[in-house]
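Summary of the model geometry
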Amino acid sequence: MADLAGSRHALPYVLNLSLVFTELPLLDRAEAARAAGFTAVEYWWPFETPVPDAAEVDAFVASVERAGVAVTGLNFFPGDMAGGDRGLVTWTGREDEFARSVASAIELGERLGCRRFNALYGNRIDGADPAGQDKLGLSNLALASDAAARIDAEIVLEPLSGAEKYPLKTAADVWEVLDELGQDNVKLLADLYHLAVNGDDLDTVTTVHTGRIGHVQIADAPGRHQPGTGTLDIEGYLEKLQTAGYRGQVGVEYKPDGPSADSLSWLPFERRGLA
Ligand SMILES: O=C(O)C(=O)CO
């Protein structure tokens, strides 16, 4: 049995390098994560474009290989995140770009051994029919699911907070899409921070349908900072998830309050490398 260092659960942690260690250039973050004790990391889409050029991809892969960490999760290209975009899955008119972004992410995932891809659903578009957007979402998710299946990977769908026009706010919103889609390798990404901010019932989310949860992420609320800075009983929810059968990883995905390395003090060093 692994040393749980006082933790009430044995779920393994992976460090999200799109929010933690962002004071460092992208290509230095994997080594910082390794030095901090993590053996697995995840990223949002680490490039500005859906299909980055070969040199950019090679440099990214080299940074990960140099660090000796596993990449266990990648987001698909989401559009302009800083400008408010939250994914292309339901973005009418950008179907070709979505397909190309999926192909390039899967190719990168195959190279890195990454088998989980976060497909941000996309915002409601002013003037567009929401039902039409959802219909496009189903066909785009089917395409992504098939592409992922070819490398034995899965897709996760994430409720988000802080984005008014993003329609997936709760786990139930995602269940509705998954029920219509009917593809076993498409699951819920339960980010406990986003769900809490949106008023979802975390006691239910962490105990019911846990077999359909593909990934869990954590940050405290309010604030989206490290555990202990807010009021969420993160440890309690992770224990509930494990008790209910969840055996996946926990993404450490928060905006550090202070320097990233210091912000990790809530997690004993010996708990960071179990992934
Ligand atoms: O946009 C966010 O907040 C995310 O968590 C994306 O994965």
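Residues numbered from 1 in each chain as written. Predicted model: local features only at pLDDT ≥ 70, side-chain atom pairs only at ≥ 80, totals over all residues. Heavy atoms only, no water.

1. Considerations on the overall build of the protein chain
Along the backbone of the protein chain there are nine helices and eight strands. Radius of gyration (C-alpha) of the protein chain: 18 Å, near the 19 Å computed for a compact globule of 275 residues. Taken along the three principal axes of its C-alpha coordinates, the protein chain extends 50 × 45 × 35 Å. A burial count over the protein chain gives 53% of its 275 residues as buried. Once local pairs closer than 6 in sequence are excluded, the contacts in the protein chain between residues at least 24 apart make up 77%. Surface exposure of the protein chain reaches about 11,400 Å², of which carbon and sulfur atoms provide 50%. Positive and negative side-chain charges of the protein chain, numbering 23 and 42 respectively, have mean locations separated by a distance of 2 Å. (Helix = DSSP H or I, 4+ residues; strand = E, 2+ residues; numbered from the N terminus. Rg over C-alpha atoms; globule rule 2.2 N^0.38 Å. Buried < 20%, exposed > 50% of the residue type's maximum accessible area, 1.4 Å probe, protein only. Contact = heavy atoms within 4.5 Å. Areas by Shrake-Rupley, 256 points an atom, 1.4 Å probe, with all protein chains shown as cover. Lys, Arg positive; Asp, Glu negative; His and termini not counted. Charge placed at Lys NZ, Arg CZ, Asp CG, Glu CD.)

2. A word on the site of the ligand
Looking at the ligand, the residues that line it are Trp 44, Asn 75, Met 81, Arg 86, Asn 118, Glu 158, Leu 160, His 194, Arg 224 and Glu 253. The contact in question runs from an oxygen atom of the ligand to an N or O atom on the side chain of Trp 44, over 3.4 Å. For the ligand, the accessible surface in isolation is 230 Å², of which the surrounding protein chains cover 96%. Taken atom by atom, the bulk of the ligand overlaps the second largest pocket. Of the residues belonging to the shell around the ligand, the class tally is three nonpolar, three polar and four charged. (Near = heavy atom within 4 Å. Polar contact = N/O pair within 3.5 Å; in protein donor to acceptor, adjacent residues only side chain to side chain. 1 Å grid on protein atoms, 1.4 Å probe; cavity = no way out; pocket = protein on both sides within 12 Å on 5 of 7 lines; lining within 4 Å. Sits in = over half its atoms within 2 Å of the grid points. Nonpolar A, V, L, I, M, F, W, Y, C, P; charged D, E, K, R; others polar.)

3. Let's talk about the UniProt feature "active site" (unreviewed entry) in the protein chain
Per the UniProt record, the feature "active site" (unreviewed entry) sits at Glu 158 and Glu 253. Sequence-wise these annotated residues cover 96 residues; spatially they are packed, their C-alpha atoms never more than 13.2 Å apart. Of the annotated positions mentioned, Glu 158 and Glu 253 line the second largest pocket. Looking at where Glu 158 falls in the secondary structure, it is placed in the loop between strand 5 (154-157) and helix 5 (171-181). (UniProt positions renumbered as here; feature names shortened; annotations may be inferred.)

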